[in-house]
Amino acid sequence: MTEEIKKKVDYWFEMVFYDLETSKAMLESKRYLYVGFFCHLIIEKALKGHYWSKISEEPPFTHNLVILSDRSGLSKSLKIEQKILLSELMPLNIAGRYSHEKEEIAKILTREHCNLLINRTEEFAGWIMKQSH
């Protein structure tokens, strides 16, 4: 991996940790919709860092976690619980941006659910980063 590619990978992975702390702050402030939104961002950024490490080029301009996983070659290594998490996170990106989705998503995102979501997201992001080395 060239120094330039390493900088790109490091940038995305540093943002994973930053957004993880943000998701925890949102949990403490009871902004559960944004916990979900940031959990999506965490995995998106982990996947984009992974993409740089494996493909050595700019990842596709998408927020679709399945596309990022597929195109980086990671999807064939995913366990069923990781695939389930991807499918759970996909609508949470939209919910943070469009008001008509917020009410439905807000019913699901309780404190307990968000706490579990952060833990699962943190574990999955760590796994993605390990696959990148």
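Everything discussed here concerns the structure shown above.
In what follows, the accompanying structure is described. Everything numeric here is computed off the predicted structure, so don't read it as measured data.

Criteria and thresholds
- Residues numbered from 1 in each chain as written.
- Predicted model: local features only at pLDDT ≥ 70, side-chain atom pairs only at ≥ 80, totals over all residues.
- Heavy atoms only, no water.
- Phe/Tyr/Trp six-rings, centres within 6.5 Å; stacked < 30°, edge-to-face > 60°.
- Helix = DSSP H or I, 4+ residues; strand = E, 2+ residues; numbered from the N terminus.
- Buried < 20%, exposed > 50% of the residue type's maximum accessible area, 1.4 Å probe, protein only.
- Polar contact = N/O pair within 3.5 Å; in protein donor to acceptor, adjacent residues only side chain to side chain.
- Salt bridge = Lys/Arg side-chain N within 4 Å of Asp/Glu carboxyl O.

Some details on the packing of aromatic side chains
For the structure on display, the rule yields four aromatic pairs. Consider the rings of Phe124 and Trp127, whose centres lie 6.1 Å apart with planes at 25 degrees: the pair is stacked. Placement of both Phe124 and Trp127 in helix α6 (residues 111-131) is noted, with a separation of three residues, approximately one turn of the helix. Like Phe124, the residue Trp127 is buried in the burial classification. An aromatic cluster of three or more residues is present, and its members are Tyr34, Phe37 and Phe38.

Regarding the environment of Asn64
Here Asn64 is to be found in the loop between α2 (32-55) and α3 (65-71). Residue classification places Asn64 among the partly exposed residues on the basis of a relative accessible area of 23%. As for Asn64 and His133, which are separated by 69 residues in sequence, their C-alpha atoms are 23 Å apart. At 2.9 Å, the side chain of Asn64 forms a polar contact with the backbone nitrogen of Val66. Within polar-contact distance, the side chain of Asn64 engages the backbone nitrogen of Ile67 at 3.0 Å.

Re unusual backbone geometry
Located in the positive-phi region is Lys30, a residue other than glycine, with phi close to 65 degrees. According to the relative accessible area criterion, Lys30 is exposed, its value standing at 60%. Not every positive phi belongs to a glycine, and Ser56 is a case in point at roughly 60 degrees. Structurally, Ser56 is set in the loop between α2 and α3.

Things to note about the pattern of salt bridges
Counted under the stated rule, the structure contains seven salt bridges. A salt bridge links Arg111 to Glu28; its shortest N-O distance comes to 3.2 Å. Of this pair, Arg111 sits in helix α6 while Glu28 sits in helix α1 (residues 3-28), and the two are 83 residues apart along the sequence. Since its relative accessible area comes to 55%, Glu28 is described here as exposed.

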